[in-house]
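# Observations on chain architecture
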Amino acid sequence: MGLDLTAPSLPVPANYIRPEHLQKTGYSMSATIVEKIFSQHCGRPVRAGEVVMAPVDAAMIHDITGPLAIRVFYEMGGERVFDPERIIMLFDHQVPADSIPAAENHVFMRRFAEEQGIHNYDMREGVCHQVVMEKGRAAPGEIVVGTDSHTCTYGAAGAFATGIGSTDMGFVLKFGALYFRVPESILLEIDGKFGQRVGAKDLILYLAGDIGADGATYMALEFTGRAIRDMDMAGRMTCANMAIEMGAKAGIIPPDATTRDYITERREVGSYDLASDPDASYRERRHYDITELAPQVAVPHNVDNVVDVTEVAGTKIDQVFIGSCTNGRYEDLAEAAEVIGAADRFADSVRVIVIPASRTEYLKALRAGLIERFVEAGALVEAPCCGPCMGGAFGLLAPGEVSLSTSNRNFRGRQGSTLASVYLSSPATAAASALYGEITDPREV
Amino acid sequence: MRVWKFGDDVDTDAIIPGRFLTIYDPAELAKHVFEGTRDEFAVEVREGDIVVAGRNFGCGSSREHAPLALLGAGVKIVVAKSFARIFYRNAINTGLLPLVCPETDAIQDGEVISVDIEGGYIEVNGRRLPIEPVPDFMKRIVEAGGLVAYARNLDGVEICNTG
Ligand code: SF4
């Protein structure tokens with residue numbers, strides 16, 4: 001008997017207040033989706049700018065930031081966690097354990113899971129954000145926190161999801177609630193249709209370049225418009241994932257039919273009827289049309305250093321990484337494989353590391369023959385984990401080396417030596433570049 | 001106190017690189033603070049020194065190892081034009097005081113400054129640069145001695161009260 005691939009169907013959380021509750025709370029003023037989510041959780045109208053103690057529907061901890069959160073929980077006098085069923089535990093940053101301290105952290109967390117009756121996905125499933133999404137642990141209208149800055153990924157499911165530190169998580173583990181400053185929202189209306197081999201990652205890189213690394217600090221980014229409506233869940237996750245790269249507290253995509261199809265396969269949800277009112281008050285409204293958008297590349301050493309691929313085409317690279325919570329899904333691997341097409345091999349001068357974001361995505365890619373294609377072309381395909389993304393485990397760069405990565409951060413030293421350089425791109429651009437050993441426009445392959 | 005001056009967008013990977021995240025002891029983390037980015041920092045920093053930076057200090061990863069590494073190095077105050085949100089909270093929670101001062105351009109590396117939190121200013125070369133007040137609910141946490149101490153004395157939380 002193999003492992004059960006179907007996601008557990010979780011009960012609707014007790015403190016999830018359905019939209020009809022809004023009437024009872026007398027909420028009649030227009031509000032953003034984020035204000036509505038907090039109002040629903042609080043049972044009264046809540047406005048952006050207010051600081052509230054709000055209950056959380058789910059809390060995620062992983063192997064890097066989890067041990068500290070657990071220690072803090074005990075230091076706070078915690079004995080039993082608020083609700084073991086709402087805690088998501090897994091290991092992804094340093095798996096399989098790459099050092100004795102990492103192995104010790106895993107043991108420490110396993111013990112905690114056992115003691116508290118928490119289901120531990122351990123290192124079986126993959127990268128935290130992918131796992132939370134594919135197991136249906138984040139749903140429209142929920143508040144989800146995680147000790148990882150890219151927790152904002154679950155905004156793709158219509159949840160208010162945000163990254164917190166370990167001390168805040170210790171508090172959450174004990175009380176099931178946390179102080180939040182309800183953020184103002186920036187509305188992003190994105191229209192148009194992507195050109196060939198241009199997609200969600202190019203859009204979000206472009207937005208990071210336009211809005212800047214701190215352009216949305218303390219705010220929520222609400223993604224709307226035709227381009228978002230047309231986007232599949234994988235693309236939406238790529239967008240929400242990188243909201244933090246503009247300083248945002250959350251990125252959120254109002255739930256629609258695509259969200260519903262994705263979530264209902266995984267669990268039951270009370271209602272999908274959740275959107276900002278047309279006259280809601282935003283900090284800012286920004287409009288974009290992506291029809292002419294070229295493939296984008298973030299150049300060292302900041303995520304908002306973004307240019308058209310044509311400006312950096314020809315830059316020699318030593319390593320290509322296709323994976324991470326940003327771009328390690330089946331759709332991303334398929335996009336890369338499509339670009340590789342009938343080509344025999346990646347350039348000899350480049351190391352290609354491919355890491356599916358989860359076991360489920362790995363199996364999909366395996367069954368579709370994508371993994372075979374990558375291996376044939378010369379890639380190292382690794383088991384689901386964060387891999388080189390944060391320079392904690394393997395795949396590190398030497399001084400002077402250059403990497404092109406489909407992940408979300410190119411900070412100096414992020415993937416190894418502080419004297420190395422990291423460029424960020426879409427899977428299509430990464431695959432095209434792997435074929436030539438230099439940054440390459442995927443539209444020309 | 002001596003100022004260690006940094007620019008904009010100092011990320012938490014720069015403060016403490018990913019390969020040291022299995023360490024949780026502030027004193028041990030302090031040995032690697034700014035490793036590869038500013039190697040002399042860990043060697044020369046002294047108790048009470050102040051980190052001064054531009055915009056968006058502490059952006060990126062949510063790792064609490066970043067404020068802990070600074071605390072382990074003896075830094076108790078970071079002054080910046082603005083902070084990334086998660087770092088700001090982590091700092092307050094762990095007892096590192098993040099102060100927002102729009103005029104950090106007027107402060108140079110190696111200068112000696114004094115901070116008057118009650119008075120709401122930084123004094124540098126006889127000049128007073130205003131700092132923004134710490135938000136109320138954050139102040140309560142700082143006054144309690146950090147979030148751990150605050151939470152230890154708490155039996156339960158009142159959901160949806162205002163902070
Ligand atoms: S893949 Fe990278 S960004 Fe995503 S959770 Fe892992 S380390 Fe963080």
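Just so you know, these numbers come straight off a predicted model, no measurement behind them.

### Considerations on the overall build of chain B
The helix and strand tally for chain B stands at seven helices and seven strands. Mapped from its N terminus to its C terminus, chain B presents α and β elements in the order β-α-α-α-β-α-β-α-β-β-β-β-α-α. Computed over its C-alpha atoms, the radius of gyration of chain B comes to 16 Å, within 12% of the 15 Å expected for a compact globule of 163 residues. Expressed along its principal axes, the backbone C-alpha trace of chain B runs to roughly 45 × 40 × 25 Å. Counting every position in chain B, which comprises 163 residues, the buried fraction comes to 57%.

### Examining unusual backbone geometry
With an omega of -20°, the peptide bond between A:V95 and A:P96 qualifies as cis. Residue A:H301 follows A:P300 across a cis peptide bond; omega there is 0°. Positionally, A:H301 belongs in the loop between β11 (296-298) and β12 (306-308). The phi dihedral of B:D9 falls on the positive side, at around 55°, and the residue is not glycine. Along the polypeptide, B:D9 turns up in the loop between β1 (3-5) and α1 (12-15). The backbone phi angle of B:N56 is positive, close to 60°, even though this residue is not glycine.

### Notes on the sheet that holds strand β7 (residues 127-130) of chain B
Residues and elements named next belong to chain B. Read from one edge to the other, the open sheet built from three strands follows the order β5-β6-β7, with strand pairing classed as antiparallel. Strands at the two margins of the open sheet, each flanked by one partner only, are β5 (113-116) and β7. Across the sheet, the mean angle separating the axes of adjacent strands is 25° when strand polarity is ignored. In terms of strand pairing, β5 meets strand β6 (residues 121-124) through four bridges, oriented antiparallel. Pairing of I113 across the sheet is with V124, part of β6.

### Comments concerning the packing of helix α3 (residues 66-75) of chain A against helix α4 (residues 100-116) of chain A
All names here are of chain A. At their nearest, the axes of α3 and α4 sit 9 Å apart, and the two run at 50° to each other. In this view, α3 runs oblique relative to α4, as classed from their interaxial angle. The crossing of α3 and α4 is left-handed. Here α3 contributes G66, P67, I70, R71, F73 and Y74 to the contact with α4, which in turn contributes N105, F108, M109, F112, E115 and Q116. Among the residues making up the contact of α3 with α4, the classes are represented as seven nonpolar, three polar and two charged.

### Digging into the domain arrangement of chain A
Residues and elements named next belong to chain A. By domain assignment, chain A separates into domain 1 (18-183 + 230-238 + 252-270) and domain 2 (296-444). Spacing between the C-alpha centres of domain 1 and domain 2 amounts to 28 Å. When domain 1 packs against domain 2, close to 1,700 Å² is buried across both sides, 55% of that on carbon and sulfur atoms. One salt bridge connects E125 with R359, and the closest N-O pair in it is separated by 3.0 Å. Remark: the boundary between domain 1 and domain 2 carries ten residue pairs in polar contact (both at pLDDT 80 or more). Secondary structure elements with two or more residues in the side of domain 1 that touches domain 2: α5 (128-134) and α9 (233-241). Looking at the side of domain 1 that touches domain 2 residue by residue, the classes come out as five nonpolar, eight polar and six charged.

### Let's talk about the nonpolar core
One finds A:F38, B:F41, B:F57 and B:L70 to be the most contacted residues of the largest nonpolar core, which totals 109 residues. Two domains each donate at least three residues to this core, and these are domain 1 (18-183 + 230-238 + 252-270) and domain 2 (296-444) of chain A. Among the nonpolar cores identified, the runner-up in size contains 39 residues, and A:A208, A:I253, A:V303 and B:C59 belong to it.

### Section: the interface of chain B and chain A
Facing the 47 residues of chain B at the interface are 55 residues of chain A. Broken down residue by residue, the surface that chain B buries against chain A is led by B:Y24, B:R85 and B:C160, which jointly contribute 18%. Of the charged contacts, one joins A:D214 and B:R55 as a salt bridge, the two residues approaching to 2.8 Å between their closest N and O atoms. Where chain B packs against chain A, one counts 20 residue pairs in polar contact (both at pLDDT 80 or more). Contributions of two or more residues to the side of chain B that touches chain A are made by α4 (65-72), α5 (85-94), α6 (136-144) and α7 (147-152) of chain B. For the side of chain B that touches chain A, the leading source of residues is α5(B), giving seven residues. Counted by class, the side of chain B that touches chain A contains 16 nonpolar, 17 polar and 14 charged residues.

### Brief notes about the environment of B:V10
All names here are of chain B. Within the secondary structure layout, V10 lies in the loop between β1 and α1. In sequence terms V10 and V115 are 105 residues apart; their C-alpha atoms lie 22 Å from each other. Ignoring any residue separated from it by four or fewer positions in sequence, one finds V10 in contact with I15, F34, N56, F57, G58 and C59.

### Let's talk about the side chain of B:D9
B:R55 provides the closest opposite charge to the buried, salt-bridge-free B:D9, at an N-O distance of 5.5 Å. Within the local environment of B:D9, its side chain forms a polar contact with the side chain of B:N56, the two groups lying 3.0 Å apart. The residues touching B:D9, leaving out its near neighbours within four places in the chain, are A:A213, A:N302, B:R55, B:N56 and B:C59.

### Quick look at the pairing of strand β16 (residues 402-405) of chain A
Residues and elements named next belong to chain A. The two faces of β16 match: V402 and L404 on one face and S403 and S405 on the other face are all buried. Note: strand β13 (residues 319-322) against β16, three bridges, orientation parallel. Note that in β16 the partner of F321 across the bridge is S405. Note: β16 against strand β17 (residues 421-424), four bridges, orientation parallel. Residue S405 lies in a different strand from β17, and its bridge partner there is L424.

Criteria and thresholds
Residues numbered from 1 in each chain as written. Chains lettered and ligands numbered in written order. Predicted model: local features only at pLDDT ≥ 70, side-chain atom pairs only at ≥ 80, totals over all residues. Heavy atoms only, no water. Helix = DSSP H or I, 4+ residues; strand = E, 2+ residues; numbered from the N terminus. Rg over C-alpha atoms; globule rule 2.2 N^0.38 Å. Buried < 20%, exposed > 50% of the residue type's maximum accessible area, 1.4 Å probe, protein only. Pairing = 2+ DSSP bridges. Axes fitted to C-alpha atoms, helices over the stretch in contact; angles between N-to-C directions. Parallel < 35°, antiparallel > 145°, perpendicular 65-115°, else oblique. Left-handed = near helix turned anticlockwise from the far one by under 90°. Contact = heavy atoms within 4.5 Å. Nonpolar A, V, L, I, M, F, W, Y, C, P; charged D, E, K, R; others polar. Domains from an automatic or database assignment. Buried area = accessible area lost by both parts, 1.4 Å probe. Salt bridge = Lys/Arg side-chain N within 4 Å of Asp/Glu carboxyl O. Polar contact = N/O pair within 3.5 Å; in protein donor to acceptor, adjacent residues only side chain to side chain. Core = buried A, V, L, I, M, F, W, Y, C linked by side-chain atoms within 4.5 Å. Lys, Arg positive; Asp, Glu negative; His and termini not counted.

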